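# Remarks on the overall topology
What follows is the residue order along each chain.
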Amino acid sequence: MSDGMRVFLSEDGADAERLGTLTGQLRSELRQLDIDDVRALPAGPPPPGSRAFATETVGAILVLIGQNPDVLRSVVEAVRGWLGRSDGTKRTVRLELGDDVLELSEATADDQRRLIDLFVSRHGT
């Protein structure tokens, strides 16, 4: 299992400021878990010829989870819970761990649970 999971948030109609607020809320919740760290996901290298400065990808975080599958499950469940507390606006969360992707949005709770179980089981060894 990789030790870093990339989390990308989107919300229908959200601008960069709103996505920044949502990202901050989720980061705060994830910091309450037994994880190594959670931080903004860097946007990548600056374009050639531009000044080099650190930028973040809006609506994206990097969660350092170590090698414990129980921690992975707690992070994914926390993301699912956060997603379920939207105010009725459609939100989507995309989780990337290595080459594996889990996207959660308007699936039923049972479908989300099955997807989470499958995702965690693939990284639990």
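Look above for the structure.
## A closer look at the overall build of the protein
- Counting its regular elements, the protein contains three helices and five strands.
- Listed N to C, the secondary structure of the protein is β-α-β-β-α-β-β-α in terms of helices and strands.
- Every one of the 125 residues in the protein was classed for burial, and the buried ones make up 37%.

## Regarding the packing of aromatic side chains
- The final tally for this structure, using the stated rule, is zero aromatic pairs.
- The lysine or arginine in question, arginine 91, covers the ring of tryptophan 82, its NZ or CZ lying 4.6 Å from the ring centre.

## Describing the nonpolar core
- Grouped together as the largest cluster of nonpolar side chains are 28 residues, with contacts concentrated most on Met5, Val7, Leu30, Val63 and Leu95.
- Of all the elements in the fold, those that place two or more residues in this core are β1 (4-11), α1 (16-30), β3 (56-64), α2 (69-84), β4 (91-97), β5 (100-104) and α3 (109-122).
- With eight residues, α2 is the largest single contributor of residues to this core.

## A few points about the packing of α2 against α3
- Where α2 contacts α3, the axes come no closer than 10 Å and their chain directions differ by 155 degrees. Judged on the interaxial angle alone, α3 and α2 are roughly antiparallel. The interaxial crossing formed by α2 with α3 has right-handed handedness. Taking contact as the criterion, the partners of Pro69, Leu72, Arg73, Val76, Glu77, Arg80 and Leu83 in α2 are, on α3, Ala109, Gln112, Arg113, Ile116, Asp117, Phe119 and Val120.

## A few points about the side chain of glutamate 96
- Looking at the secondary structure, you find glutamate 96 in strand β4.
- For glutamate 96, a relative accessible area of 14% corresponds to the buried category.
- Of the polar contacts made by the side chain of glutamate 96, one reaches the side chain of arginine 94; its length is 2.7 Å.
- With residues near it in sequence (within four places) discarded, glutamate 96 still touches Gly4, Met5, Arg6, Phe8 and Val101.

Scoring rules and cut-offs
- Counting of residues starts from 1 at the beginning of each chain's written sequence and follows it residue by residue.
- A pLDDT threshold of at least 70 governs which residues receive local features in this predicted model, and a stricter bar of 80 or more applies before side-chain atom pairs are shown or counted, although totals over entire chains, interfaces and linings include all residues.
- The side-chain quantities take in all heavy atoms of the structure and omit both hydrogens and water.
- Only runs of H or I of at least four residues qualify as helices and only runs of E of at least two qualify as strands under DSSP, and these elements are numbered from the N terminus.
- Using a 1.4 Å probe on the protein chains alone, a residue whose accessible area is under 20% of its type maximum counts as buried, one over 50% counts as exposed, and one in between counts as partly exposed.
- Any Phe, Tyr or Trp ring, taking Trp's six-membered ring, that has another such ring centre within 6.5 Å forms a pair; planes under 30 degrees apart are called stacked, those over 60 apart edge-to-face, and the others tilted.
- Look at NZ for Lys and CZ for Arg. If either is within 6 Å of the ring centre and within 35 degrees of the ring normal, a charge sits over the ring.
- Buried Ala, Val, Leu, Ile, Met, Phe, Trp, Tyr and Cys residues form a nonpolar core when they are joined through side-chain atoms within 4.5 Å.
- The axes used here are C-alpha line fits, helices contributing only the stretch in contact, and every angle between their N-to-C directions lies in the interval 0 to 180 degrees.
- Throughout this description, any angle smaller than 35 degrees is read as roughly parallel, any larger than 145 degrees as roughly antiparallel, any in the 65 to 115 degree range as roughly perpendicular, and the remainder as oblique.
- Should the near helix be turned counterclockwise from the far one by less than a right angle, the crossing is left-handed, whereas a clockwise turn marks it as right-handed.
- Here, residues are in contact when the closest pair of their heavy atoms is within 4.5 Å.
- Two N or O atoms count as a polar contact when they lie within 3.5 Å, although within protein this holds only if one can serve as hydrogen donor and the other as acceptor, and sequence-adjacent residues are included solely when both atoms are side-chain atoms.

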